[in-house]
Protein chains: 4
Amino acid sequence: MTRPRIRWGLVGGGQNSLIGIVHRVAASMGDDCELVGGVFSEHEVKCLEFAAVLGLDPARAYATLDALIVGETALPAGERMSLVTIATPNYLHYTMARKLVQSGFHVICEKPVTLTATEAQALATDVAQAGTVFALAHTYTGYPMVRQMRSMIAAGALGAIQKVHAQYFQGWINPIIHDREKWASVWRLDPKRGGPSCCIGDIGIHAFNLLEYTTGLRVVRLLADIDTLDPANPLDVDGSALLRLENGARGVLAASQIATGEENNLQIAVYGRDGGLRWQQENPNRLDFLREDAPATLYTPGHAYDDPVARDASKLPPGHPEGFIDAMGNIYRGVVRAIRGEAKLAEIPGIEAGVRGMRFVAAVLESARTGGRWVDI
Amino acid sequence: MTRPRIRWGLVGGGQNSLIGIVHRVAASMGDDCELVGGVFSEHEVKCLEFAAVLGLDPARAYATLDALIVGETALPAGERMSLVTIATPNYLHYTMARKLVQSGFHVICEKPVTLTATEAQALATDVAQAGTVFALAHTYTGYPMVRQMRSMIAAGALGAIQKVHAQYFQGWINPIIHDREKWASVWRLDPKRGGPSCCIGDIGIHAFNLLEYTTGLRVVRLLADIDTLDPANPLDVDGSALLRLENGARGVLAASQIATGEENNLQIAVYGRDGGLRWQQENPNRLDFLREDAPATLYTPGHAYDDPVARDASKLPPGHPEGFIDAMGNIYRGVVRAIRGEAKLAEIPGIEAGVRGMRFVAAVLESARTGGRWVDI
Amino acid sequence: MTRPRIRWGLVGGGQNSLIGIVHRVAASMGDDCELVGGVFSEHEVKCLEFAAVLGLDPARAYATLDALIVGETALPAGERMSLVTIATPNYLHYTMARKLVQSGFHVICEKPVTLTATEAQALATDVAQAGTVFALAHTYTGYPMVRQMRSMIAAGALGAIQKVHAQYFQGWINPIIHDREKWASVWRLDPKRGGPSCCIGDIGIHAFNLLEYTTGLRVVRLLADIDTLDPANPLDVDGSALLRLENGARGVLAASQIATGEENNLQIAVYGRDGGLRWQQENPNRLDFLREDAPATLYTPGHAYDDPVARDASKLPPGHPEGFIDAMGNIYRGVVRAIRGEAKLAEIPGIEAGVRGMRFVAAVLESARTGGRWVDI
Amino acid sequence: MTRPRIRWGLVGGGQNSLIGIVHRVAASMGDDCELVGGVFSEHEVKCLEFAAVLGLDPARAYATLDALIVGETALPAGERMSLVTIATPNYLHYTMARKLVQSGFHVICEKPVTLTATEAQALATDVAQAGTVFALAHTYTGYPMVRQMRSMIAAGALGAIQKVHAQYFQGWINPIIHDREKWASVWRLDPKRGGPSCCIGDIGIHAFNLLEYTTGLRVVRLLADIDTLDPANPLDVDGSALLRLENGARGVLAASQIATGEENNLQIAVYGRDGGLRWQQENPNRLDFLREDAPATLYTPGHAYDDPVARDASKLPPGHPEGFIDAMGNIYRGVVRAIRGEAKLAEIPGIEAGVRGMRFVAAVLESARTGGRWVDI
């Protein structure tokens, strides 16, 4: 049986954009998404050029989001774009997402979903009213072994959770933060474009999402410290928090963009009454399951014994590594199914995760600002 | 500047085919290939259905390769398919490849390129006459760190090579070979469809290619032993060879499909007068460079200090894992450039590698058949 | 040239004691220590039995520490025990150490050195007055790669330190803490015998020592949270702290004894302006040196290019793993040299490290007790 | 209950000898061996000096093995040395071992046990006649996880063995073999002192022993190739063999001392009908158990669920690494028990393993000499 492909648009992510490649390849993985247009550049000529590279109808290479909404809405239902991905700098997410949602488009939005928790909450209301599919590009939740971890915890493999530890270490800001002339070239270091937080908002939020995603538990309070490294820099480039979970378990979340030499070292470990699970993003196709009275076991993707949700997130036989773009592909796959009404968005972080993330960022900043007070989240 | 995309066709790799997904996603990675048609199934209905899933013109969903050649050749030059991928079972490769090459199509062919060395040599002649691009899907050569290894060796980082070691261990044949009723369901165990070798032809050939690809040296003689495990099974499911390289260096190549529990454990280690390099497919984004008088160094993709050829094979920043399909994507990227005349096919195994591989398979079988004699290759 | 061996005594560490084996084997590694007596049990008969097992003069198998001091002091200088190791439960450390130091014995003391910071400070005064050698059994500082890390940081390999991260995760308390009947069998859970902290005092203190030992920087403030898991349990079994170093750098220290399934997972990572260093106790013979503009390098013991202090801590050629007892052996080796006046105790944590450790424990407890306030240390 | 310690002597292994340290520390680990004398140097003065360092009776610091045998035999039974370790260069093993065995001493001998298979067989006859304990220092068999592997295979965890792979790669000969002036300084490169093989006799033999030790199967035929690298060098510095086991399984054994940059990379993998086991010497405290239908499990020492023989080989709690000397300590522990009649030498390679090893070396040399013929072993 043949079902029509989802007509998809991309905002941001043009010509040399890495995130654009990631989204375009990810969307192509399931044979069920078709790129039909987008806003590939603020510059109309570049936008058209890129549409030509992609073999797209130039009429659907829009110069602005507003033009896209007008243009697509005018098309017959069977031709109209139904899903739009927002891959622009942070400060544009909120306005764009609202407009798209209010106009009835399904949306995949890069994180952070907005610049503030208030905005995120407002957007959540819009999404609820529109009844559309809204997914957040928390790519790491698309890895099969992250889903395996979530499923095992949900199934009780660890018993009651009693300790969590998440870290996300990168070093890429290091050469920039020590050279003030370079600051302006990095939008994440500009509060107007990147928002009120750099490190926590960009990567701490991933670790936070991973923690709530895998454990199914909420963080309810935190105590945090942040570092801007240079007093002239208004934004955190390093931040850590002590956490309390809703069930009373303690945890630590540590994030840094000045961990010199680190590439993309995101790790999470969760320990319960009956066992522990550890996962590392840089070696994503394994999951260590630790137990007290038996040897550790090592889960890998592609096996019949994996949880169905993990199996579903793997395209290849065991031992054929899938990577970051494949993880993003699983986000797209889930969104397509949700749009088609085949499945709920259960495995994909949505607007609720967006709200949680923005509250987390706000709580970290507030705790740090007050010199270290417990802040509810 | 906008260049037209390469019009691409796929033979085999339909609906539920894993290798089909790999090729389609890989081809999409560079925004420069456009799937326009193919032969997706022997069954016409299925072929059309799949074309519909992909949003293709049903007129270009051909029932046979001959129909494809006739149909495409009839189209104007600006519409005609120019690149065709052969992703069928082994026994079809030779005939299909010859027809396509002789008809002027560029070809990407799954390995093994043919069933015999004689056929491979004949095909080489055709390719030379046609002057078209012919690439072999030795996917592992598309990994950035394999290319880094090749470049470092070519640049003399290891000095004169004095020892090589390649292994490729899988376990997937184990449950099959011990259950004769399952044999018929696996075309690789059927000499008519899979050819004269199972283990050596399917995976030993990858290890062999990797060895010649990375070292730039030819294996000139070998001494081999194979195992069919069950006397009723005509094909090897395990095989190993002692190697002599053209410069006199010794090596070992070990392959097995009955290494129970192994997933896709392909490894290569090369040692020279001045250092060693080690790579493992299951953790592909690292390359260990061993030295005598300095700490080992660990190369990873995405860095400015990587060799240009390795850098070019990586789409993402450091620490964002790329996997098997990304490696295949680099094969496609190279083929597209070669078709466009922008670059030679230097980094991509071609028909010459195909001939070498078939000679290797023949030599292993010959050495084993004679009870262990050195056989030239 | 032959030098007389150091006459050594052991207090605690009898018959079935693991820590006793560790100390006896460690002391034997350099051919320069000779066990001549000790207090191997509170029970006189057991003490004598164990002396017989070891082939010791029964007259030097003392029933109490006081008897040992009297007995040994009465011996001629050339026969008298000069070095004593204290391997008893925590609550005995302080009294025993004071008596031994005041009587002129050199001492190796298990950690924590005392139960309180006040006691540690008092002991420091005694050590200063006595002028004897006093070493703390922070075994992990005896690993070659920990010393390599310290030396590299001291030599400026990382530039200014800007981020530290230490964790020490074990799971062994998990089955005990969930079964109140077992509590009494574990002296570390008894405040009278183990002191005011379980997790932080037993293992957090190791992570803290490692952090100050390797960086050469002091932690000046901290913000902490601890967990007793069961309200009836008066002692922490999990604790974490946000740290500020004397140079302003931030850090995290996380310790847990309820990280189910973890064995002895002590890790430290230090990042500076120019690079990072990472070490893990469970795989102790490697040290990762991360850099921004060059591949990571991997240090291992036994090489000419290792720092002299690291080289000195390795007895075997590269690739021959040395372990926990070998690390302790390096503590003994350093103590012997200090006693002989050949070298200072530079590489060995002494009473000053003991004072620092007790202040750290007190600060964590104070910060946690006040609901999370920054506490100076 | 107190049992007298075993009076032990050491031949070779004096002052700066690495192997001497290994044996002395290893022997001390169980509190059940007492060094009473030995032949520590060919030079009488050095021998006496070293005895003084160790605090030994100078009368038992013998200048020659003959003197040791005469001297010790003259002592009363309750004082006489009962166990002697031979840690001299290879060419002395045979004569020394025979004399000691014929004189009623128990012996621990470094490998290779002799220079030829004939000598080994003759020695085996002596051992049988004497009824003494004779152990070979195949240190790697002392690792807990090697014993776990052996026990699991014996218990049928893998089912019928169908594939084995052993490799032992070092690089230390590389800088020597390329500098002829250095050759004379290395006794292993001198056939008179090291015997007829360098690489195979020194390290290949370890891999061979490990293979037969863990599988419990004999290698019955092999096909080999060796390399001397420099035609002027009479001895192999690299060698590999294709193997046939007594049950028909195939295998590969690869050894090299010119694998530049490798430290002590000994690995073994064994695959059976029902699973696989992999172990690496450079990370010795883990054992991977691979299965077809379940996640891999990772065994580590010190657990109640480990095989009793593995548990017995571990002194410390889980996560406290034990290393090479600890492995040798387990050889000593087993020998002591055998001398005391408490247990058979089951876990310790004895003279039979020595005979097997020498036959293996002879077979490799013979196969290589004949240009690659299958040779029985």
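For every chain, the first residue of the written sequence is number 1, and numbering continues from 1 onward in sequence order. Written order determines the labels here, with chains lettered from A and ligands numbered from 1. Note on the predicted model: pLDDT of at least 70 is required for a residue's local features to be given, and 80 or more for side-chain atom pairs to be given and counted; whole-chain, interface and lining totals, by contrast, use all residues.

**Concerning the overall build of chain A**
Here is step 1 of the chain: Looking only at helices and strands, one finds 13 helices and 14 strands in chain A.
Here is step 2 of the chain: Relative to the 2.2 N^0.38 estimate, which gives 21 Å for 377 residues, the radius of gyration of chain A is 21 Å and therefore close to what a compact globule would have.
Here is step 3 of the chain: Viewed in the frame of its principal axes, chain A has a C-alpha envelope of about 60 × 55 × 40 Å.
Here is step 4 of the chain: Distance between backbone-placed C-beta atoms decides contact: two residues are in contact if it is within 7 Å. Taking the contacts inside chain A whose residues are at least 6 apart along the sequence as the reference set, 69% of them involve residues at least 24 apart. Each helix is a run of H or I in the DSSP string that is no shorter than four residues. Each strand is a run of E no shorter than two, and both are numbered from the N terminus. The size measure is the radius of gyration over C-alpha atoms, and the globule rule it meets is 2.2 Å times the number of residues to the 0.38 power.

**Some points on the relation of the copies chain A and chain C**
Here is step 1 of the chain: Placing chain A over chain C gives an RMSD of 0.0 Å and needs a rotation angle of 180 degrees, together with 0.0 Å of translation along the axis. The transformation relating the two chain copies, once decomposed into turn and shift, fits a two-fold axis.
Here is step 2 of the chain: By residue overlap, the copies meet face to face through one surface: 100% of the interface positions of chain A are interface positions in chain C. Superposing the copies works by least squares over the C-alpha atoms of residues that have pLDDT at least 70 in both of them.

**A look at the interface of chain A and chain C**
Think of interface size as the accessible area that goes away when the parts come together; that is how it is often given.
Here is step 1 of the chain: Contacts between the two partners involve 36 residues from chain A, matched on the other side by 36 residues from chain C.
Here is step 2 of the chain: Put simply, the parts of the chain that give the side of chain A that touches chain C at least two residues each are strand E6 (161-169), helix H7 (174-177), strand E7 (219-227), strand E8 (238-245), strand E9 (250-256), strand E10 (265-272) and strand E11 (275-280) of chain A.
Here is step 3 of the chain: A total of 4 residues in the side of chain A that touches chain C trace back to one element, the largest contributor, which is E9(A).
Here is step 4 of the chain: Per-class residue counts for the side of chain A that touches chain C are 12 nonpolar, 14 polar and 10 charged. Three residue categories are used. Nonpolar comprises Ala, Val, Leu, Ile, Met, Phe, Trp, Tyr, Cys and Pro, charged comprises Asp, Glu, Lys and Arg, and polar comprises the others, including Gly.

**Some details on the relation of the copies chain D and chain A**
Here is step 1 of the chain: Once chain D has been moved 0.0 Å along the axis and rotated by 180 degrees, it coincides with chain A to within an RMSD of 0.0 Å.
Here is step 2 of the chain: Comparing interface residues between copies, 100% of those in chain D also sit at the interface in chain A, which points to an isologous, same-surface contact.

**Quick word on the domain arrangement of chain A**
Residues and elements named next belong to chain A.
Here is step 1 of the chain: Taken domain by domain, chain A comprises domain 1 (6-140) and domain 2 (141-317 + 351-376).
Here is step 2 of the chain: At the junction of the two partners, domain 1 supplies 20 residues and domain 2 supplies 27 residues.
Here is step 3 of the chain: Among the elements of the structure, helix H5 (117-130) and strand E5 (134-136) are those that each provide at least two residues to the side of domain 1 that touches domain 2.
Here is step 4 of the chain: Looking at the side of domain 1 that touches domain 2, the element that brings in the most residues is H5, giving 6 residues.
Here is step 5 of the chain: Across the side of domain 1 that touches domain 2, the residue classes break down as 13 nonpolar, 6 polar and 1 charged. Residue ranges labeled as domains rest on an automatic or database domain assignment.

**Some remarks on the sheet that holds strand E2 (residues 33-39) of chain A**
Residue and element names in this part refer to chain A.
Here is step 1 of the chain: Here, strands pair whenever DSSP counts at least two bridges between them. Spatially, 5 strands are ordered E2-E1-E3-E4-E5 in an open sheet, and the strand pairing comes out parallel. Of all the strands in the sheet, just E2 and E5 have a single pairing partner and so form its edges. Here the average twist between neighbouring strands, direction ignored, is 20 degrees.
Here is step 2 of the chain: Pairing between strand E1 (residues 6-12) and E2: 6 bridges, direction parallel. Within the sheet, the bridge partner assigned to Gly-9 lies in E2 and is Gly-37.
Here is step 3 of the chain: Strands in contact with helix H4 (residues 93-102) are E1, strand E3 (83-87), strand E4 (106-109) and E5; relative to E4, the strand with the most contacts, it is inclined by about 165 degrees. Helix axes are fitted to C-alpha atoms over the stretch in contact, other axes to C-alpha atoms as well, and angles between N-to-C directions run from 0 to 180 degrees.

**Re the sheet that holds strand E1 (residues 6-12) of chain C**
Residue and element names in this part refer to chain C.
Here is step 1 of the chain: Pairing is parallel in the open sheet, where 5 strands are placed in the order E2-E1-E3-E4-E5. The open sheet terminates on both sides in strands that have one partner only, identified here as strand E2 (33-39) and strand E5 (134-136). Neighbouring strand axes in the sheet, compared pairwise and without regard to direction, differ in orientation by 20 degrees on average.

**A short note on the pairing of strand E4 (residues 106-109) of chain B**
Residue and element names in this part refer to chain B.
Here is step 1 of the chain: Residues with at least 20 other C-beta atoms within 10 Å of their own are called buried, those with 12 or fewer are called exposed, and the rest are partly exposed. The C-beta atoms themselves are positioned from the backbone. Of the two faces of E4, the one holding His-106 and Ile-108 and the one holding Val-107 and Cys-109 are both buried throughout.
Here is step 2 of the chain: Across 4 bridges, strand E3 (residues 83-87) lies against E4 in parallel orientation. Of the residues in E4, the one forming a bridge with Val-84 is Val-107.
Here is step 3 of the chain: As for the winding sense of the linkage, the β-α-β connection from E3 through helix H4 (residues 93-102) to E4 is right-handed.
Here is step 4 of the chain: In this fold, the crossover linking E4 to strand E5 (residues 134-136) by way of helix H5 (residues 117-130) has right-handed handedness. With strands facing away from the observer, any crossover in which the path from the first strand over the helix to the second runs clockwise is taken as right-handed.

**Some words on unusual backbone geometry**
Residues and elements named next belong to chain B.
Here is step 1 of the chain: Cis peptide bonds are those with omega within 30 degrees of zero, and the linkage from Lys-111 to Pro-112 qualifies with -5 degrees.
Here is step 2 of the chain: With respect to the helices, strands and loops of the structure, Pro-112 is situated in the loop between E4 and H5.
Here is step 3 of the chain: Residues other than glycine seldom take positive phi values, yet Leu-229 does so here, at roughly 65 degrees.
Here is step 4 of the chain: The class for Leu-229 is buried, based on 22 C-beta atoms found within 10 Å.

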